[in-house]
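Report on the structure
The residues making up each chain are set out below.
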Amino acid sequence: MVAAPDIIAAPNEPPMPKTFLVSLLLLLLSSFVAAQQYDLVIDGGRVMDPETGLDVVRNVGIRGGKVERISSEALNGRRTIHAAGLVVAPGFIDLHQHAQDLASQRVKAMDGVTTALELEIGAPDVAIFLKTKEGHSLINYGTAASHVAARALVFGAPLPSGEILPKSGPATDQPATAAQIEQIENRLRSELDAGALAVGMGIQYTPGATRLEVIDMFRLAAARQVPVYTHVRSAGSLEPGSAVESISEVIGAAVISGAPLHIVHINSSCLHDSVECLALIAGARARGLDVTTEAYPYIAGMTTVNSALFNPGWQQKLGISYAQLVLPDTGEHLTQQRFDELHNSTRTQGVLVFANTQDIVDAVIPHPLVMIASDGEEGHPRNAGTYSRVLAQYVREKGTITLMDALRKMTLMPAQMLERSTPAGRQKGRLQEGADADIVIFDAATITDRSTFQKPMEPSAGVRWLVVGGSLVVDDGKIVPDVFPGRALTGPGSQSAPTN
Ligand SMILES: [Zn+2]
């Protein structure tokens, strides 16, 4: 006779006690949880989140593009990254990135950036920008609606393809009529409908825009519930037209209109008055106004040499002369003759502008109101090195910012700024359960920028892994080929649902 299998209880056996059943159930449940597989696990890293202050060794489980679990328990993943000794932080958010090509995205990724947005000026055509990048982007992207481009269009001088700044001329230097202002507004409305995150203004590049034109653009932004990101009207200390006057102008427009205001690169707009400009912003905020700012850690700026920034008077404003203008490709210092030739040309040529000092940059970067944003474009080392440079120079070498505060400037603060434009911002810039899995894993002891004015596209060192929407973009210090997990961030006017 064959014995009955053990698992079948003999009919006369007493029923199993309840406590035994409960224990069995718990055992089964816990083994199910342990066996639960994440797409990706980041094991044993120093997990840092500026919003909650979490700074402790934890395991991170990622599934479906989201951070699903942060735990001290071992997690099981299809792929596990061993991050012992490394910092695991929210990916950096760059609110101010002009170069949107793939080569630039690669160096941004190596610098820890998971989202890079063109918000200072904005792409000239939002629909084309979004369409072009869809499915072809390494990191997340988005753009402002460009007042500069809208104005050029209305003045009959549309920007050439691929460019964001006009050559100086009637379209930049003449005041707009009431009818033209209305046309500019209509263009901006349709750009916001196409998915722009904000109104982007480069007032210094459109010096013909009156104070009223500026206020009208702020009113439009307020009506559409988006912020204004702006490069202010002027730089330097010379009155009239100082940086202090320029900051006051946009703070005034924010008060009048109610639009949130983000002032870009306070370092290069305010130069020697940067600390004073930060005090103006602090004063506005103390009165309850929504004003924010950012800076990049370099003594030189960069712009196009035929733009209205170099209209007569620039030497006095910036306190520099021709020799402080340097061509990025060749290192050539300009002379008056060479400057005139390039300024009057219709050909766009980038130029480095050495107008700041290290002392000013060192005072600005650690300031608690200052976010880090690169103003990245090819030809300037800030494109590739901004974030690693802050971590190397200010956190590690000078010790003027704590690591957590540096991360706050690179993640939480820009994410909170993004929240003014889209609820998707709430899922960014945090390393918390439920957040988007945009994560940087780096070695805080060695991270450093390597880009220089001579070699501006040299990638940073120290970012070991980078995760965008749950996908690895940098794997063991190398760019993963042919992955494009970057998604669009779009504003409230977007016709279609945001894809991220
Ligand atoms: Zn600018």
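Residues numbered from 1 in each chain as written. Predicted model: local features only at pLDDT ≥ 70, side-chain atom pairs only at ≥ 80, totals over all residues. Heavy atoms only, no water.

1. Side note on the packing of helix α14 (residues 382–397) against helix α15 (residues 403–410)
The geometry of a pair of packed helices is captured by two quantities: the angle between their axes and the separation between those axes. At a minimum axis distance of 10 Å, the contact between α14 and α15 shows a crossing angle of 155 degrees. Judged by the angle between their axes, α14 and α15 are roughly antiparallel. Handedness of the crossing formed by α14 with α15: right-handed. Residues Tyr387, Val390, Leu391 and Val395 of α14 pack against Leu403, Ala406 and Met410 of α15. Of the residues in the contact of α14 with α15, the class split is seven nonpolar, no polar and no charged. (Axes fitted to C-alpha atoms, helices over the stretch in contact; angles between N-to-C directions. Helix = DSSP H or I, 4+ residues; strand = E, 2+ residues; numbered from the N terminus. Parallel < 35°, antiparallel > 145°, perpendicular 65-115°, else oblique. Left-handed = near helix turned anticlockwise from the far one by under 90°. Contact = heavy atoms within 4.5 Å. Nonpolar A, V, L, I, M, F, W, Y, C, P; charged D, E, K, R; others polar.)

2. A look at the sheet that holds strand β9 (residues 145–146)
Strand order in this open sheet of six strands is β9-β10-β11-β12-β13-β17, and the pairing throughout is parallel. Every other strand in the sheet has two partners, leaving β9 and β17 (370–372) as the edge strands with one partner each. (Pairing = 2+ DSSP bridges.)

3. Here's the deal with the coordination of the zinc ion
Here the zinc ion is held by Glu120 (OE), His231 (ND1) and His265 (NE2), and the distances to it run 1.7 to 2.3 Å. A relative accessible area of 5% places His231 in the buried class. (Donors = N, O, S within 2.8 Å, 3.2 Å for Na, K, Ca; no water. Buried < 20%, exposed > 50% of the residue type's maximum accessible area, 1.4 Å probe, protein only.)

4. What about the sheet that holds strand β7 (residues 113–118)?
Pairing between the strands of a sheet comes from backbone hydrogen bonds, and it takes one of two forms, parallel or antiparallel. The three strands are arranged β6-β7-β8 in an open sheet whose pairing can be described as parallel. Every interior strand has two partners, whereas the edge strands, β6 (92–94) and β8 (140–143), have only one. Here the strands of the sheet are splayed against their neighbours by 15 degrees on average, with no regard to which way each runs. Bridge count for β6 against β7 is three bridges, and the pairing is parallel.

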